[in-house]
Amino acid sequence: MANAHVLLNSGIQMPIFGLGTFKLAGTTKIYEVIDAALKLGYRSIDTAQVYKNEEDIGKALKELMPKYKLERKDVFITSKLSPKNQGKGSAYESCVQSIAQLQLDYLDLFLIHWPGKQKLKPEDEQNRHFRMESWLDLEKLVKDGLVKNIGVSNYYVRHLDDMMTYATIPPAVLQVEYHPHLVQTDLFEWCQRQNVHLQAYRSIGIDELQTDPTLLQIAKTHSKTASQVLLKWAVQQGIGVIPKSSSHEHLEENFNIWNFTLSEEEIKSLSQLHKGVHYCWDPVKVA
């Protein structure tokens, strides 16, 4: 199966479709999932320090990449800074540790996972200071050749606008919750203006979204599942996706979205399901 790519503002190509690993745990299970994903054609893997699975992912990749005749440049690896590691020095060192646990020489993408620092209250103005220190550490990681691209996750426009006052390297990627029940148009438009790639998590939403009559009708029209239509809705708009699954069947189902196209009307009707609902974390109160 094919996998489309997006050109990041760094000039580097990134697969638009990746494997999410949130809540994926256990050495054997991680090995099985990555084995199945690489076999199917996944070439992007998204992890994070807080997922506590970097080491097992690293072990799996070391064994499995030769199996599929893949070189390091063939697989795009993302990790994210834990909120507890925000700040000067700790952001840099924790990324070095992530790279070591993943048994890599570099990361393709490293994101600040959350705009706040652990143990600080969301409204504490110090959050901004730690964010800035972390970003400058990420820029140093790029300059030192340890990270190819840097970006942020769960930022609102005000967080992004503020970052652009001190960033000397622009973010390549913004990763946020994005699906038809949460169409964050302001963030999408900001990314388009700034040439930043928008990547969605929780693309498949929850049961309430999965069972929406509009979605089910579109899925029936294309002989596809609701999940496939939701993923296609994002990808067709140029939005990256990183669905997670621990079953081979769902890994294959999720990835099988390249042989159909949604009409403009279908994309519009899905976007009109917007409710402004976060099914994960909402950073609105983070200063």
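All of these numbers come straight from a predicted model, not from anything done at the bench.

(A) Layout of the pairing of strand β7 (residues 147-153). With respect to burial, β7 is a largely interior element, six of its seven residues being buried. Each parallel crossover has a hand, and for strand β6 (residues 107-112) linked through helix α4 (residues 126-143) to β7 it is right-handed. The sheet contact formed by β7 and strand β8 (residues 173-177) spans three bridges and is parallel. Among the inter-strand pairings, Val 152 is bridged to a residue of β8, identified as Leu 174. As for the winding sense of the linkage, the β-α-β connection from β7 through helix α5 (residues 157-163) to β8 is right-handed.

(B) Broad picture of unusual backbone geometry. The phi dihedral of Gln 103 is positive, around 55°, even though this residue is not glycine. Within the element layout of this structure, Gln 103 appears in the loop between α3 (90-101) and β6. With relative accessibility at 37%, the residue Gln 103 sits in the partly exposed group. Of note in this structure, Asn 154 is not a glycine but carries a positive phi near 65°.

(C) Looking closely at helix α6 (residues 185-194). Three or more residues of α6 are buried, namely Leu 187, Phe 188, Trp 190 and Cys 191. Burial along α6 is one-sided: seen end-on, the buried residues are contained in an arc of 160°. Exposed side of α6, more than 90 degrees from the buried face: Gln 192 and Arg 193 are the residues found there. Each element contacted by the buried residues of α6 is listed here: α5, β8 and β9 (197-201). Immediately beyond the C-terminal end of α6, within one or two residues, lies Asn 195, with a positive phi of roughly 60°.

Reading the values: the criteria
- Residues numbered from 1 in each chain as written.
- Predicted model: local features only at pLDDT ≥ 70, side-chain atom pairs only at ≥ 80, totals over all residues.
- Heavy atoms only, no water.
- Buried < 20%, exposed > 50% of the residue type's maximum accessible area, 1.4 Å probe, protein only.
- Helix = DSSP H or I, 4+ residues; strand = E, 2+ residues; numbered from the N terminus.
- Right-handed = clockwise from strand over helix to strand, strands pointing away.
- Pairing = 2+ DSSP bridges.
- Arc of directions from axis to C-beta.
- Contact = heavy atoms within 4.5 Å.

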